[in-house]
Amino acid sequence: MKPALDYPDTRLPLPAIRRIGATQPLRWLRAGWHDLKANPLPSLAYGLLFALAGDLIILATLDRPHLLTVSISGFFLIAPLLAAGLNELSRRTAAGEKILFIDSVRCFKRNGESLALFGLILALVALMWERFSAVAFALLGSSSGIDAGVFISSLILSGEHTAFIATWFVIGGLLALGVFAISVIAVPLMLDHDADVPTAILSSLRAFAANTGPLLLWAALLVGLTLIGFATLLFGLVVIMPILGHASWHAYRDLVE
């Protein structure tokens, strides 16, 4: 069934937003898988870069628990921008073009100013999250030089810091949800229509407000599948991240008229 169109806001130069069905995110995943099969080498190259970079970051923070947790949780904050190249692959595939990995990377030159500004916003949010986590972990005592796995396991199993853990997860979850709401279609819109940052953010917020239920399901799928990738020492991300990146393009195409 074709999604119903929401009326565009004539007071602002924003694109019209469609209303989608509850199960549409599952179709986005299927479409993402088809795009991966259509562009296997460049898509998997992105996935391999994500996995290797993530493993290097984790290895570098194994003796710094707060940085390890921030690097994992912060990934969800900057992932929308990291998926830009995969969005470009899907965009060009939909146009009937066959491009290489290097061609997709060039998307950052098109509307580069807006992409850079949006990346700066995401980086500032990630930095604020890192500073909050640093202070929160410091209240538990010095954790520098301690094996991160041992420290986090003892923190959870001791039962002495339940309120701290709950607060950390709630604040982090709300922050990630806010980033998701402003970015759900922001990067594809900037790539597809050279939109500026305010237009991209406002359009994302309108899409989230008009389709809160389906997009919460989409957010849960993004988090759940990415965590599965982390559970495989990040090498599951070699396949998972390309599928999610391509699927986010199809989310944009369904949500925006």
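That block above? That's the structure.
Residues numbered from 1 in each chain as written. Predicted model: local features only at pLDDT ≥ 70, side-chain atom pairs only at ≥ 80, totals over all residues. Heavy atoms only, no water.

## Considering the layout of surface pockets
Stated precisely, the cut-off is as follows: Here a cavity denotes a set of grid points, spaced 1 Å apart and computed over the protein atoms alone, in which a 1.4 Å probe fits but from which it cannot get out, and a pocket denotes an open set meeting protein on both sides within 12 Å along at least five of seven lines; residues with an atom within 4 Å of a point are reported as lining. Grid points are joined across faces, edges and corners, and a volume is the space filled by probe spheres set on the points. Numbering goes from the N terminus for both helices and strands, where a helix is a DSSP run of H or I of at least four residues and a strand is a run of E of at least two.
Of the volumes computed, that of the largest pocket is approximately 1,100 Å³. If you trace the largest pocket, you find 42 residues lining it, with Ser 73, Phe 76, Leu 77, Ala 176 and Val 223 closest to the centre. Listing elements by their share of the lining of the largest pocket, those giving two or more residues are helix H3 (65–82), helix H6 (112–138), helix H7 (148–157), helix H8 (162–183), helix H9 (186–193), helix H11 (212–231) and helix H12 (237–255). Broken down by element, the residue count for the lining of the largest pocket peaks at 12 residues, all from H8. Empty space within the second largest pocket amounts to approximately 230 Å³. For the second largest pocket, the lining is made up of 14 residues, of which Gly 54, Ile 57, Ser 71, Phe 75 and Ile 78 are closest to its centre.

## Observations concerning the packing of aromatic side chains
Put simply, the rule reads: Stacked, edge-to-face and tilted are the three classes for Phe, Tyr and Trp ring pairs, Trp counted by its six-membered ring, which pair at centre distances within 6.5 Å; planes under 30 degrees apart are stacked, over 60 edge-to-face, the rest tilted. Any residue under 20% of the maximum accessible area for its type is buried, any over 50% is exposed, and the rest in between are partly exposed; the area is computed with a 1.4 Å probe on protein chains only.
Throughout the structure, instances matching the rule amount to 10 aromatic pairs. On the basis of an interplanar angle of 85° and a centroid distance of 5.3 Å, the ring pair of Trp 28 and Trp 218 is categorised as edge-to-face. Remark: Trp 218 occurs in helix H11 and Trp 28 occurs in helix H1 (residues 24–38); sequence separation between them is 190 residues. Across the pair, Trp 218 and Trp 28 agree in class, each one buried. When the ring of Phe 137 is compared with that of Phe 164, the centres are 5.7 Å apart and the planes differ by 85°; the resulting orientation is edge-to-face. One end of the pair, Phe 137, is in helix H6; the other, Phe 164, is in helix H8, and 27 residues separate them in sequence. Aromatic ring contacts, followed pair by pair, group Trp 129, Phe 132, Trp 168 and Phe 169 into a single cluster.

## As for the side chain of Ser 133
Put simply, the rule is: When checking whether two residues touch, look at their non-hydrogen atoms; a contact exists if any pair is within 4.5 Å.
With respect to the helices and strands, the residue Ser 133 is situated in helix H6. Each residue touching Ser 133, except ones within four places of it in the same chain, is listed here: His 66, Val 70 and Trp 168.

## Section: the pattern of salt bridges
Where charged atoms from two side chains of opposite charge come close, those side chains can pair. Basically, it comes down to this: When a carboxyl oxygen of Asp or Glu is within 4 Å of a side-chain nitrogen of Lys or Arg, the pair counts as a salt bridge.
Evaluated as defined, the whole model comprises 8 salt bridges. Across the pair Arg 110 and Glu 88 runs a salt bridge, and its minimum N-O distance is 2.7 Å. Of the two residues, Arg 110 sits in the loop between helix H5 (101–105) and H6 while Glu 88 sits in helix H4 (residues 84–94), which places them 22 residues apart along the sequence. In this structure Arg 110 comes out as partly exposed when scored by relative accessible area, which is 26%. One salt bridge in this structure joins Glu 97 and Arg 92, with 2.7 Å as the shortest N-O distance. The buried category is assigned to Arg 92, whose relative accessible area is 18%. Taken together, the shared-partner salt bridges in this structure form one network comprising Glu 88, Arg 91, Arg 92, Glu 97 and Arg 110.

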